[in-house]
Amino acid sequence: MKKSILIALFLLNFSLVGAQETYTVDGKSVQLKTAAEGTLGLLWNIIDDHYRYFIKTQDNQLSELINTKNADNIYQEQYKSTLKDLTNNTMDVSKVKLKLPSLARFVDQYNRAVDPDYVSMNSKFKPDFHLGVFGGITNSPFVRNPQNEKSAVFGAEIEMLGGANNRHSGYLQLRHMAETDAFKYKTTELSLGYRYRFVQTSRFSLYGDAKFATLNFTKATITFTDDKDITKTEYLDETAFDLPLIIGLGADLKLSNSIYANLSYNQIFAVFFKNQGNFSSDITLGLKFKVN
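Residues numbered from 1 in each chain as written. Predicted model: local features only at pLDDT ≥ 70, side-chain atom pairs only at ≥ 80, totals over all residues. Heavy atoms only, no water.

Enquirer: What is the right way to read the pattern of salt bridges from this model?
Expert: When the charged atoms of two side chains lie near each other, side chains of opposite charge can form a pair. According to the stated counting rule, one finds 13 salt bridges in the structure shown. For Glu159, the salt bridge is made with Arg195, and the minimal N-O distance between the two is 3.4 Å. Separated by 36 residues along the polypeptide, Glu159 in strand E7 (residues 151-162) and Arg195 in strand E9 (residues 185-200) bring together distant segments of the chain. Glu159 sits in the buried class, given a relative accessible area of 0%. Connected through salt bridges with shared partners, the residues Glu157, Glu159, Arg195, Arg197, Asp209, Asp252 and Lys288 form a single ionic network. (Salt bridge = Lys/Arg side-chain N within 4 Å of Asp/Glu carboxyl O. Helix = DSSP H or I, 4+ residues; strand = E, 2+ residues; numbered from the N terminus. Buried < 20%, exposed > 50% of the residue type's maximum accessible area, 1.4 Å probe, protein only.)

Enquirer: So what exactly am I meant to see when it comes to the sheet that holds strand E1 (residues 20-25) here?
Expert: Strand order across the open sheet formed by 5 strands is E1-E2-E3-E4-E5, with antiparallel pairing between neighbours. Edge positions in the open sheet fall to E1 and strand E5 (62-65), since each of these has one partner strand only. Sheet twist, expressed as the average angle between the axes of neighbouring strands with direction ignored, equals 40°. Seen against the sheet, helix H2 (residues 78-86) touches strand E4 (50-56) and E5 and runs at an angle of roughly 145° to E5. Along the sheet, helix H3 (residues 100-114) makes contact with strand E2 (28-36), strand E3 (41-47), E4 and E5, crossing E3 at roughly 165°. (Pairing = 2+ DSSP bridges. Axes fitted to C-alpha atoms, helices over the stretch in contact; angles between N-to-C directions. Contact = heavy atoms within 4.5 Å.)

Enquirer: I'm lost on the nonpolar core in this one. Help?
Expert: Most often, soluble globular proteins keep nonpolar side chains buried together rather than apart. Formed by 20 residues in total, the largest nonpolar core has its most connected members in Leu42, Ile55 and Leu83. When residues of this core are traced back to their parent elements, those giving at least two are E2, E3, E4, H2 and H3. (Core = buried A, V, L, I, M, F, W, Y, C linked by side-chain atoms within 4.5 Å.)

Enquirer: Help me understand the side chain of Lys288 in this model?
Expert: Structurally, the position occupied by Lys288 is in strand E14 (residues 282-290). Of the polar contacts made by the side chain of Lys288, one reaches the side chain of Glu159; its length is 3.0 Å. (Polar contact = N/O pair within 3.5 Å; in protein donor to acceptor, adjacent residues only side chain to side chain.)

Enquirer: In this structure, what is going on with the pairing of E2? I would like to understand it.
Expert: Regular strands have side chains that alternate between both faces of the sheet. As paired elements, E1 and E2 share 6 bridges and run antiparallel to each other. When the bridges of E2 are listed, Gln20 appears paired with Lys33. Hairpin connection, E1 to E2: the antiparallel pair is bridged by 2 residues, and Asp26 has positive phi, about 55°. Two elements, E2 and E3, share 3 bridges in a ladder whose sense is antiparallel. Across the sheet, Ala36 pairs through a bridge with Leu42, a residue of E3.

Right, here's the structure in full:
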């Protein structure tokens, strides 16, 4: 039993040491742990009973983060100037503390801003939620529409963005297409969908949209001529659940820390719905608000 404990302790110690790397600091070789690795790296360890923190650039240069006191015993916060210089004064350092969690958040935030593919070493699933509202026009390409009439469409959605880079998202959308005098068709649709952002920067993203489940509450007036050349009118009032896999495209533009402008081109084609002869003219504009 004692032998097993000793072996376990040895392996634990080996793994901890293996997670560190050796660097030269003040002419001495020291072991530093990595807390973030990317465009900027964050290194740290306890040296001579003091916590010490370092930023590593991509050319492997180390800059120590310090916070010494002056003759009046007031902290000088030199580390904030260092962070400003290393991030080209693009980041707000006013609230950064010389503590590992605060520094790690700052470095993660900067790395994510300059590299959309950056993955934090400490990433956890912390989804963002966006509430969106939109409006536009549609020609309902999957519905029989001989004159290719356009109708108003508007709605709202809640979108959940997950993953380290927020490239993936799922959404629940409520959408209503209004009836017109020329096109006696209206529907309210509740749908579930998925988006993948194949272009993503700190301010702009372009994504593909797949709507895979829809529940439609539809009312329509259908006028037709039968075999005896008699004009007839039928009234449709139905509820339908489908798995259409409707494909679209969209783009988000960041206006502020919590507001995005959105442009969507919807219903381009569907895997399990047949186009009724009109190429999609379903275009919407909207706003999205970050709610967490």
